[in-house]
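The primary structure of each chain is shown beneath.
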Amino acid sequence: MNKAEFLAELRTQIAARAPEDLERTVSYFAEIIDDRVEDGMSEAEAVATLEAPAQIAENFGSVQSAHKKPDSYDPALLHTINVYDINCPVFIVPRRENVELEYHEHERKHYTISVDNGTLNVVAVSSMKWYNWIGFGHGNFGFQPLVLGVPESFSGRIMIKTSNAEVSASDVKFNGGLLIRTSNARFNFRNLKISGEISAQTSNGRIACQFIDCGSLNAESSNGRIEAVHVKAAVEMSLVTSNGRVEVQHISAGQRIAVHSSNGRIYGTIDDKMRDFSIRSHTSNGTNSLPGDMPGGSKDLEVTTSNGTIDIRFCA
Amino acid sequence: MDIQLKRGLLETCVLAAIAGADSYGYKIIKDLSGVVEISESTLYPILKRLESGGCLRVYSEEHNSRLRKYYSITQKGRERIPAFLEEWETVARVVNYIKNGGSQNEQG
């Protein structure tokens, strides 16, 4: 077989791959053949040292067996969605009609998915061997995200639990609540309209919330900063971190705003009048733009940090 | 050798092969041939994985009026090597334990 025949055969064998991936693979083997010819081999000899295209395709198959599966569910039949994943990013995105789930399974991880009395349970089951966890084996296991598509017609509660990986939600609107837990990773929330509570807890990661309209927002991190920009909570908003700063811009809440940090400054704007609030605030080792204790308002504002300044302005 | 274990070893071998100077596919295979058995179709997914994991960068350079892809180790890739050696200590302890017929004495 000469080079052209080999490459044509390879192309056929790996035809199912994405076009860009296919071209890269073909050019990789073309280069190897060229280098061997330059090293003194004939084209036929160079090709003969390579594995057969069918064998190459099979080798690749075993390495890249991760595949994508979209599943679809009628939102009218669901009131709860629970996702338990491990070391896997989760993205929540809008969908037009159905609740949709896209996930990747491979030889070391699969999902058990069930619908039970209106509850969709998605549970990752890992059969990673101990040496996979210490850097052996497939290097990219678990990095392909799980994508949960949520239509506006969904009404109920979504709970996401993962670890060591980020969770993001954008452009999603539904009636109900959203509870998210991860560790050692950040949250990104953008353009959400959720009638109930958004509860987000992480460690060692920052939390970014932009353009959120919700019932309540409870965001908690450790060792991560928190940003809340254009966040409106009908009832209350609580932003808590340690070792991180908190930035609020144009936030508002119907009853209560609580912002707590340690070792971080707290600054920004609240879209309300100062006199609407009963204020309690405290920092040590920093200046404070708020009164320490001012009763009288119909809503509560609590702001505390240590080792940081407090600089909150009101811009109603 | 267990295929999973071998892939982990190979990834680090490839990083070691490009740690000194940027290299290309055929040269990496030639350089490693004295150490481990590695075929082109084994190397390719390893390079891809290392690239997507940010451990190496790929660039093309003209060579004898054709383009050749060169692989350049990143800082992250460099850090993988001592990290691997450290992990290997754990493996070595386990291997010792197995060699000693599961005797706890060797565990200290």
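About the cut-offs
Residues numbered from 1 in each chain as written. Chains lettered and ligands numbered in written order. Predicted model: local features only at pLDDT ≥ 70, side-chain atom pairs only at ≥ 80, totals over all residues. Helix = DSSP H or I, 4+ residues; strand = E, 2+ residues; numbered from the N terminus. Buried ≥ 20, exposed ≤ 12 C-beta atoms within 10 Å, placed from the backbone. Contact = placed C-beta atoms within 7 Å. Pairing = 2+ DSSP bridges. Axes fitted to C-alpha atoms, helices over the stretch in contact; angles between N-to-C directions. Parallel < 35°, antiparallel > 145°, perpendicular 65-115°, else oblique. Left-handed = near helix turned anticlockwise from the far one by under 90°. Nonpolar A, V, L, I, M, F, W, Y, C, P; charged D, E, K, R; others polar. Core = buried A, V, L, I, M, F, W, Y, C linked by C-beta atoms within 7 Å. pLDDT = per-residue confidence, 0-100.

**Description of the overall build of chain B**
Then step 1. Tallying secondary structure elements over chain B gives four helices and three strands in all.
Then step 2. Going from N to C terminus, chain B has its helices and strands arranged as α-β-α-α-β-β-α.
Then step 3. Here chain B, with 108 residues, has 28% of them falling under the buried criterion.
Then step 4. At a minimum sequence separation of 6, the contacts of chain B that also span at least 24 residues come to 49%.

**Let's talk about the environment of glutamine 210 of chain A**
Residue and element names in this part refer to chain A.
Then step 1. Tracing the backbone through its elements, the reader meets glutamine 210 in strand E12 (residues 207-220).
Then step 2. For the pair glutamine 210 and phenylalanine 189, spaced 21 residues apart in sequence, the C-alpha separation works out to 6.2 Å.
Then step 3. With near-sequence residues (within four places) excluded, glutamine 210 lies in contact with Arg190, Val229 and His230.

**Some remarks on the sheet that holds strand E1 (residues 23-24) of chain B**
Two orientations exist for strands paired in a sheet by backbone hydrogen bonds: parallel and antiparallel.
Residues and elements named next belong to chain B.
Then step 1. What the three strands build is an open sheet, ordered E1-E3-E2; its pairing is antiparallel. Strands at the two margins of the open sheet, each flanked by one partner only, are E1 and strand E2 (56-63).
Then step 2. Bridge count between E2 and strand E3 (residues 66-73): eight bridges; the pairing is antiparallel. Across the sheet, residue tyrosine 59 finds its bridge partner in E3, namely tyrosine 70.

**Focus: the packing of helix H1 (residues 3-13) of chain A against helix H2 (residues 19-38) of chain A**
Residue and element names in this part refer to chain A.
Then step 1. Axis separation between H1 and H2 bottoms out at 10 Å; the angle between their running directions is 155°. Classified by the angle between their axes, H1 and H2 sit roughly antiparallel to one another. Between H1 and H2 lies a crossing whose hand is right-handed. In this structure, H1 uses Lys3, Leu7, Leu10 and Arg11 to contact H2, whose residues at the interface are Leu22, Val26, Phe29, Ala30 and Ile33.
Then step 2. Partitioned by chemical class, the residues of the contact of H1 with H2 number seven nonpolar, no polar and two charged.

**Some thoughts on the nonpolar core**
Residue and element names in this part refer to chain A.
Then step 1. If you look at the biggest cluster of nonpolar residues, it comprises 59 residues, and the most contacted ones within it are Val90, Leu148, Cys209, Leu217, Val231, Met237 and Leu239.
Then step 2. Per element, the largest residue contribution to this core is seven residues, and it comes from strand E13 (residues 226-240).
Then step 3. Once you skip the residues sitting within four places of it in the chain, valine 90 turns out to touch Val83, Asp85, Pro145, Leu146, Leu148, Ile160, Thr162 and Val167.

**Description of the pairing of strand E8 (residues 155-161) of chain A**
All names here are of chain A.
Then step 1. Of the pairings in the sheet, the one linking strand E2 (residues 80-84) to E8 comprises five bridges and is parallel in character. Residue pairing for E8: tyrosine 84 is matched across the bridge by lysine 161.
Then step 2. Both E8 and strand E10 (residues 173-181) contribute to a ladder of seven bridges, which runs parallel. Its bridge partner lying in E10, isoleucine 158 is registered against leucine 178.

**Let's talk about the confidence of the model for chain A**
Low pLDDT means the predicted atomic positions in that stretch should not be read closely.
Residues and elements named next belong to chain A.
Then step 1. For chain A, the mean per-residue pLDDT works out to 88, and 90% of the residues sit at or above 70.
Then step 2. Counting interchain partners and residues more than four positions distant, the pLDDT-below-50 stretch residues 62-68 has 11 contacts.
Then step 3. This model gives residues 135-142 a pLDDT under 50, and the stretch forms 27 contacts once residues within four places in sequence are excluded.

**Focus: unusual backbone geometry**
All names here are of chain A.
Then step 1. Backbone geometry at asparagine 184 places phi at a positive 50°, although glycine is not the residue there.
Then step 2. Its place among the elements puts asparagine 184 in the loop between E10 and strand E11 (187-201).
Then step 3. Classification of asparagine 184 by C-beta neighbours within 10 Å gives partly exposed; the count is 15.
Then step 4. Even without a glycine there, the phi angle at asparagine 204 is positive, about 50°.
Then step 5. Mapped onto the secondary structure, asparagine 204 falls in the loop between E11 and E12.

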